[in-house]
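# Coordinate analysis (summary)
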Amino acid sequence: MEARSRRRNNAPSSANGNGHIGNGIYDVSSGGDSDSRSTSRMERKAKRKHRVANARSRRRSGGRNNVAAMCLISTVIFLLYILVCAVFISNLPESADGEEARGMRGLVKKTREKLKNFRDKHRRGAILADKEEEDEHVIDDNHDNNNNNLSKTTASGIPIGKWPVSIRDEEGLFEEIPHIGYAYMGKDVKMTVPRLWADDPVGIHQNKLMSRERALSIGTCTTPDPQTNSYTRGDKCPLAERTIFVAIASYRDWQCRDTVTSILSAANHPDRVRVGVVDQIVDGVDGSCDVPHVPCSSDPNQPICLYKNQIDVFQMDAELAVGPVFARHIGHRLYRGEYYAMQSDAHVTFTRGWDDDIISQVEATGDEMAVLTTYLTDIENSIDPTTGLSKRHTRPIMCNTEYEGGAEGKHLRHLSQPEGPPDIHGMPQLQPYWAAGYSFSRGHFVATVPYDLYQPMIFQGEEMSIGLRGFTVGYDYFAPERSVCFHSYAKGANSDARNKVPHFWEHARTFQGTGVKAMKRLLGIVNMNPEVPRSEWDHSEEEKYGLGGARETSKFYDVIGIDVVNKTTQRHLCQFVHNKMHKMFMTNLRPDGMGIDYSKIDYKWVDPRPNEN
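Residues numbered from 1 in each chain as written. Predicted model: local features only at pLDDT ≥ 70, side-chain atom pairs only at ≥ 80, totals over all residues. Heavy atoms only, no water.

### Quick look at the overall build of the protein
When you go through the protein residue by residue, the secondary structure sums to 15 helices and 18 strands. On the protein, roughly 32100 Å² of surface is accessible, and the fraction owed to carbon and sulfur atoms is 51%. (Helix = DSSP H or I, 4+ residues; strand = E, 2+ residues; numbered from the N terminus. Areas by Shrake-Rupley, 256 points an atom, 1.4 Å probe, with all protein chains shown as cover.)

### Some thoughts on the confidence of the model for the protein
With 76% of its residues at a pLDDT of 70 or more, the protein shows a mean pLDDT of 84. Across residues 94–105, where pLDDT falls below 50, the model places 12 contacts with residues more than four positions away in sequence or in other chains. When the criterion is pLDDT under 50, residues 121–147 qualifies, and its contacts beyond four places in sequence or with other chains add up to 17 contacts. (pLDDT = per-residue confidence, 0-100. Contact = heavy atoms within 4.5 Å.)

### What about helix α13 (residues 514–525)?
Think of an α-helix as turning once every 3.6 residues; residues three or four places apart then point the same way. Spanning 12 residues, α13 covers 17 Å between terminal C-alpha atoms, matching the ideal 16 Å at 1.5 Å per step. In terms of burial, α13 is largely enclosed, as nine of its 12 residues are buried. Buried within α13 we find Thr-514, Gly-515, Ala-518, Met-519, Arg-521, Leu-522, Leu-523, Gly-524 and Ile-525. Taken together, the buried residues of α13 touch α3 (180–183), β11 (411–414) and α11 (462–473). (Expected span 1.5 Å × (residues − 1). Buried < 20%, exposed > 50% of the residue type's maximum accessible area, 1.4 Å probe, protein only.)

### Thoughts on the sheet that holds strand β13 (residues 429–431)
With mixed pairing, eight strands are arranged side by side in an open sheet as β5-β4-β3-β6-β14-β8-β15-β13. Among the strands making up the open sheet, the edge pair consists of β5 (311–317) and β13. Going across the sheet, the axis of each strand differs from the next one's by a mean of 25°, ignoring polarity. Across three bridges, β13 lies against strand β15 (residues 476–479) in antiparallel orientation. By the bridge assignment, Leu-430 is partnered in β15 with Phe-478. Sitting on the sheet, helix α15 (residues 573–585) touches β13 and β15, and the angle it makes with β13 is about 100°. (Pairing = 2+ DSSP bridges. Axes fitted to C-alpha atoms, helices over the stretch in contact; angles between N-to-C directions.)

Structure representation (structure tokens):
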């Protein structure tokens, strides 16, 4: 059925008997004379209504026109008034100097000042609001639990520090790198590893001496700042709350788990310590570094069980091991912005309270760029079994090195170091060299001087590489005044057990020849093989794993007495290091504590006894 609207209509139409037309439209029926008269009256009435309606329409129209005219006239008069006022005000005389304007000009002046103050206030408010919004974003980033420890950075380009932190929270964020041992043999073997916390070290030190502000923007606290909620609190972070990252590279070492246990059990504040281990083992044959001797289900109070969330182990097939440099490179990839960074061998025992002790020593230097490092004393008779404290009153100092080498190229190798009572009391003692077996520094040392990815099958030469690169970034090396840990050497009571530990050299045949390529690169980067054309060594990512811009390697060679052309050293350097170096050079420590200013040092060590051994 079709639906229609309904309306009135005077047009005649054929209709049915009841006056309803079939299409649903109503009509009026026709009748006789009375109907005619009625029709005439209706027509006259309609005409009168029409005339009245027209008259009313004209009156309404005329009224509207009058209102519009009046509005137009009023507007013109108002504009003329404004124009007259403006001319009058502009011709008022200026007030005398220092005399407040009065009358209309004074009123206008005050009005303008109020308007300006109002605008300035709101402009400042907008700026503050923008800053608060930006700060809120930073706070949100610090509390972001999206399991991404790497993507957030500050405006300076330095990653935002977080605590607690673990590479276990970075699933899907690891990256592929070439296994450099196979790569140097022309084979394409990839490894999936954690990303570096700061993928661009140059972006941090900017190829110059870092400012103190930038240095202090690296390093987390166990508790956030109460005002900003940031875990990066600089030197305002209480000493007991400053986090420590410990890097360990282990090759099939049964003592690795004991070292991790010692680190956590002997610390005064184990909650601020995070251990990162590169564990190169034969699965099913060697024990893992994070698995205690007794299952946690049987003894949950073991340190490895209690602090399991603070232990990150990167397990690697022992067959892929190509030396400590490559392993420690991966170890540096485990760093995540901690306040301090420590590197240790995998067979080391720590003294009770080592964390507070070593922090107090590094802070005593007053040098933000200080690195405490040494060849550790043997463990035998070094720690009191009852108190857990050191029984030693001596410590080694790094000052003895000499050239050695054959097919890989001549390089400097640290020899056995002298040990004796400290010459300097109340703080560590300045020394020229860095040691890989033990190092403690601010965390930015690891971020700005990461181990080189491209140095497989390197053992000797590693320490000169890191030491010289660190020197050019601005770091200074110190011998600790007190030893906080001791090394298990393969001698004495530990001889049999330690001599059973395998070494990475068992893969020397597999990666034969790669060490020669690596050594050319190592020496080339630190300018120690000028006789080798630069075209003969690998320059991959040289800027990333290269020198800094705060100092030149030539300055180090001149001061310490190293001749890189003739491959000789000025011997008996320990005489200078023991008695003079610290006192002479520390007077040039910069006022802001950002390292020693070597541009003020014009000293060259010359062997006073060249004919003696």
